[in-house]
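Analysis of the macromolecular model
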Amino acid sequence: MRAGWSADLVRGAARVLATGGLLLSTTGPRLAAAEGAPHLDGAELGLLWGVPFAGILLSIALFPLLAPRFWHHHFGKVSAFWALCVLVPFVIVEGFALTLYELVHLLPLEYLPFIILLFALFTVAGGVRVTGSLRGTPLVNTAMLALGTVLASLMGTTGAAMLLIRPMIRANDWRQRKTHVFVFFIFLVANVGGSLTPLGDPPLFLGFLKGVEFFWPTSHMVLPMLVVALPLLAIFYALDSYLVRTETATQAPAPAGERLGLEGKVNLLLLLGVMAAVLLSGVWNSGVEFVVYHVPVTLQNLTRDLLLIAIAVLSLKLTHHESRRANGFTWFPILEVAKLFAGIFITIFPVIAMLRAGEAGALGGVVQRVTGPGGLPDNTMYFWVTGALSSFLDNAPTYLVFFNTAGGDAQLLMGPEANTLLAISAGAGFMGANTYIGNAPNFMGRAI
């Protein structure tokens, strides 16, 4: 079975690299992007182009509730259907060249780095197994949530959630009323805790890919994160203390078990490698670009993605199969995220183009809603609208939408308009917790 995992991973990585090699083989290293790229004018697009994006998000929200068996077996086909609903008409109306340009722009610059990071964190964190027994008392549960909140910005919400979700499940097996434990787990570990680095939360990583500095969230988001996290931990402790008292009359506490331990410690070093690879791409400017159909792919970003794949392969090679099996490790959660986000990223590009057109575009009403007097950004509205839509549309594409609505200039947003970027980051980072479709780690936790 271990060999099967390794073989599947190697084959998948080979397909990615082969596709990239085929595209890159027609170009060489250059110091500047090629000129003459096709241009998409978002002002010319009607609202109909946004229907597939709304369709895939509604499918993600409703199918698991209304037709769970169908969804479990066919979610990839549903994602592909909505993607084709954009691509086929776009080729017919706008031409193959512009469609290819938009796809090439999406894949190496946004989708692949996004999925490769989640994949590396999922694989490496899945190799760390907490052994022994914990008893899910209010104090223990609160301590685990606090630990996960701290770890989320260091090893990603994906990594922290995958590390702690199974120990949390085992610790609370004896509890009758425990749904709230996992609701707060999603709030704190899978969302709020990841607010301090691009490694922590998928939307912040997309901002990093767009030029936001690695430590910008660390300096700007720490106070908002504490303002949310500390009250949530206090509320959880009070609620859990009350609920456990209502159970003791009918449910005996779980007996004490074996001592706590940690298997797969090598993966903790590999997690540091993941952080180093991401940080490297932010501080190293190689000055070398590979132009893929008018789209520049920098050497530092390509190096980061190859290093992340290599770290995932090392994790599989160095972690004992029995440890992963005992950890309940399967590929399903990351496959679900990869297939669904492929559809999301493809269907979102016309929406982003319309937003970039500002008030002249079909989504001018959204732009007006977050614009105050004199054309200045209304940061309160940016926070609430980004947060509300993140709850139901997934926070990564929502962050991307409003990052572009605010102009898409990372230097400007980190400087004079830093409060606007803070509002977008906080709205997406915190309120993606409100539903399981709000953030990619929520998907994975639900699958487990």
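Attention in this report is confined to the structure presented alongside it. All residue numbers refer to positions counted from 1 along the written sequence of the respective chain. Where totals are concerned, whole chains, interfaces and linings use all residues; where local detail is concerned, this predicted model gives features only for residues with pLDDT of at least 70, and gives and counts side-chain atom pairs only at 80 or more. Only heavy atoms go into the side-chain values, all of them from the structure, while hydrogens and water stay out.

Side note on the overall build of the protein
What counts, and what does not: Runs of E in the DSSP output that reach at least two residues are strands. Runs of H or I that reach at least four are helices, and both are numbered from the N terminus. With a 1.4 Å probe rolled over the protein chains alone, any residue whose accessible area is under 20% of its type maximum counts as buried; one over 50% counts as exposed, and the rest are partly exposed. In this description, contact between two residues means that some pair of their heavy atoms is separated by no more than 4.5 Å. Values of accessible area rely on a 1.4 Å probe in the Shrake-Rupley scheme; residue burial ignores everything except the protein chains shown.
In terms of regular secondary structure, the protein is built from 18 helices and five strands. Relative to its full complement of 448 residues, the protein shows a buried share of 50%. Within the protein, residue pairs in contact and separated by at least 24 positions form 80% of the contacts whose partners lie at least 6 positions apart. Looking at the protein as shown, the accessible area adds up to about 19200 Å², and 68% of this sits on carbon and sulfur atoms.

Points about the environment of alanine 338
Checked against the element boundaries, alanine 338 lands in helix 12 (residues 332–356). For alanine 338, a relative accessible area of 17% gives the class buried. A sequence separation of 220 residues divides alanine 338 from leucine 118, and the C-alpha atoms of the two residues are 9.0 Å apart.

A closer look at a nonpolar patch on the surface
Here is the rule: Like charges within 9 Å and nonpolar side chains (Val, Leu, Ile, Met, Phe, Trp, Tyr) within 5 Å are joined into patches, using only residues over 30% in relative accessible area that form no salt bridge. What counts as a salt bridge is simple: a side-chain nitrogen of Lys or Arg found within 4 Å of a carboxyl oxygen of Asp or Glu.
Side chains of Val222, Leu223, Leu226, Val227 and Leu230 sit close together on the surface and give an oily, nonpolar patch of about 450 Å² of accessible area. Its relative accessible area of 38% is what places leucine 226 among the partly exposed residues.

Here's the deal with the pattern of salt bridges
As enumerated under the stated definition, the model contains five salt bridges in all. Two residues, lysine 210 and glutamate 110, come together in a salt bridge whose shortest N-O distance is 2.7 Å. Of this pair, lysine 210 sits in the loop between helix 7 (202–209) and helix 8 (216–247) while glutamate 110 sits in helix 4 (residues 96–125), and the two are 100 residues apart along the sequence. With its nearest N and O atoms 2.8 Å apart, the salt bridge here joins arginine 325 to glutamate 322. Placement of both arginine 325 and glutamate 322 in helix 11 (residues 321–326) is noted, with a separation of three residues, approximately one turn of the helix. Glutamate 322 gets classed as partly exposed once you look at its relative accessible area, which sits at 36%.

Structural notes on helix 2 (residues 51–66)
Residues lying three or four places apart along an α-helix face the same way, a consequence of the helix completing one turn every 3.6 residues. Put simply, the test is: Think of it this way: the bend at a residue is just the angle between two axes, each fitted to seven residues, one set ending at that residue and the other starting at it.
Along helix 2, the sharpest kink reaches roughly 30°, centred on isoleucine 60 and followed within four residues by the proline proline 64. Looking at helix 2, one finds that the buried residues are Pro52, Phe53, Gly55, Ile56, Leu57, Ser59, Ile60 and Pro64.

A word on the pairing of strand 5 (residues 295–298)
Quick note on the threshold: When DSSP finds at least two bridges between two strands, those strands are taken to pair.
Bridge count for strand 4 (residues 289–292) against strand 5 is four bridges, and the pairing is antiparallel. Bridge pairing links valine 292 to valine 295 in strand 5. Between the end of strand 4 and the start of strand 5, which pair antiparallel, lie two residues, with tyrosine 293 showing a positive phi angle near 50°.

Things to note about the nonpolar core
Under the convention used in this document: Definition of nonpolar core: a set of buried residues of the types Ala, Val, Leu, Ile, Met, Phe, Trp, Tyr and Cys, connected through side-chain atoms within 4.5 Å.
Ranked by internal contacts, the top residues of the largest apolar core, which has 124 residues, are Leu145 and Phe341. Of the residues forming this core, the biggest block, 16 residues, is contributed by helix 4. Among residues more than four places away in sequence, those in contact with phenylalanine 341 are Tyr111, Phe114, Ile115, Asp394, Ala396, Pro397, Ala440 and Phe443.

Describing the packing of aromatic side chains
Quick note on the threshold: Working definition: rings of Phe, Tyr and Trp (its six-membered ring) pair if their centres are within 6.5 Å, and the pair is stacked with planes under 30 degrees apart, edge-to-face with planes over 60 apart, and tilted otherwise. Charge over a ring is defined by NZ of Lys or CZ of Arg lying within 6 Å of the ring centre and within 35 degrees of the ring normal.
Enumeration over the complete set of coordinates arrives at 23 aromatic pairs. Ring geometry for phenylalanine 81 and tryptophan 82: centres 5.0 Å apart, planes at 70°, overall edge-to-face. Look at tryptophan 82 and you get buried, because its relative accessible area is 18%. Relative to tryptophan 384, the ring of phenylalanine 383 has its centre 5.0 Å away and its plane inclined at 75°; by these criteria the two rings are edge-to-face. Here the aromatic residues Phe63, Phe70, Trp71, Phe75 and Phe332 are joined through ring pairs into a cluster of three or more. It is arginine 175 that lies over the ring of tryptophan 174; its NZ or CZ is 5.8 Å from the centre. Sitting above the plane of the phenylalanine 329 ring, arginine 324 keeps its charged end 4.7 Å from the centroid.

Re helix 6 (residues 179–188)
Stated formally: Throughout, the arc means the angular range of directions from the helix axis out to the C-beta atoms.
Within the span of helix 6, buried status applies to His180, Val181, Phe184, Phe185 and Leu188. Buried residues along helix 6 cover an arc of 145° about the axis, so they all sit on one side.

With respect to the side chain of glutamate 336
Here glutamate 336 shows up in helix 12. Residue glutamate 336 is classed as buried on the basis of its relative accessible area, which comes to 5%. Contacts of glutamate 336, omitting those with residues within four sequence positions, involve Trp71, Phe75, Phe443 and Ala447.

Focus: the environment of serine 79
To keep things clear, this is the line we draw: Any pair of nitrogen or oxygen atoms within 3.5 Å is treated as a polar contact; in protein, a donor-acceptor pairing is required on top of that, and neighbouring residues in sequence qualify only through side-chain atoms on both sides.
Within the secondary structure, serine 79 sits in helix 3 (residues 68–94). Along the backbone, serine 79 and isoleucine 56 are 23 residues apart, and their C-alpha atoms lie at a distance of 6.5 Å. Sequence-distant contacts of serine 79, that is, excluding residues within four places in its chain, are made with Ile56, Lys339, Leu340, Ala342 and Gly343. At 2.7 Å, the side chain of serine 79 forms a polar contact with the backbone oxygen of lysine 339.

What to know about the packing of helix 15 (residues 395–405) against helix 17 (residues 418–431)
Short version of the rule: As a rule, the C-alpha atoms of each element are fitted with a line to give its axis, helices using only the stretch in contact, and angles between N-to-C directions run from 0 to 180 degrees. Orientation labels follow simple angle bins: below 35 degrees gives roughly parallel, above 145 gives roughly antiparallel, 65 to 115 gives roughly perpendicular, and whatever is left gives oblique. In a left-handed crossing the near helix is turned counterclockwise from the far helix by less than a right angle, and in a right-handed crossing that turn is clockwise. In this count, Pro and Cys sit with the nonpolar residues alongside Ala, Val, Leu, Ile, Met, Phe, Trp and Tyr, while Asp, Glu, Lys and Arg are called charged and the others, Gly among them, polar.
Viewed as axis vectors pointing N to C, helix 15 and helix 17 meet at an angle of 165°, and their least axial separation amounts to 9 Å. In terms of orientation, helix 15 and helix 17 fall into the roughly antiparallel class. Classified by chirality, the crossing of helix 17 by helix 15 is right-handed. Contact with helix 15, carried on its side by Asn395, Tyr399, Phe402 and Phe403, involves Leu421, Ile424, Ser425, Ala428 and Gly429 of helix 17 and no other residues of that element. Considered class by class, the residues forming the contact of helix 15 with helix 17 number six nonpolar, three polar and no charged.

Some words on the side chain of serine 391
Structurally, the position occupied by serine 391 is in helix 14 (residues 379–393). The buried category is assigned to serine 391, whose relative accessible area is 2%. When sequence neighbours within four positions are dropped, the list of residues in contact with serine 391 reads Met431, Asn434, Thr435, Ile437 and Gly438.

Any link to function would need more than the numbers given here.
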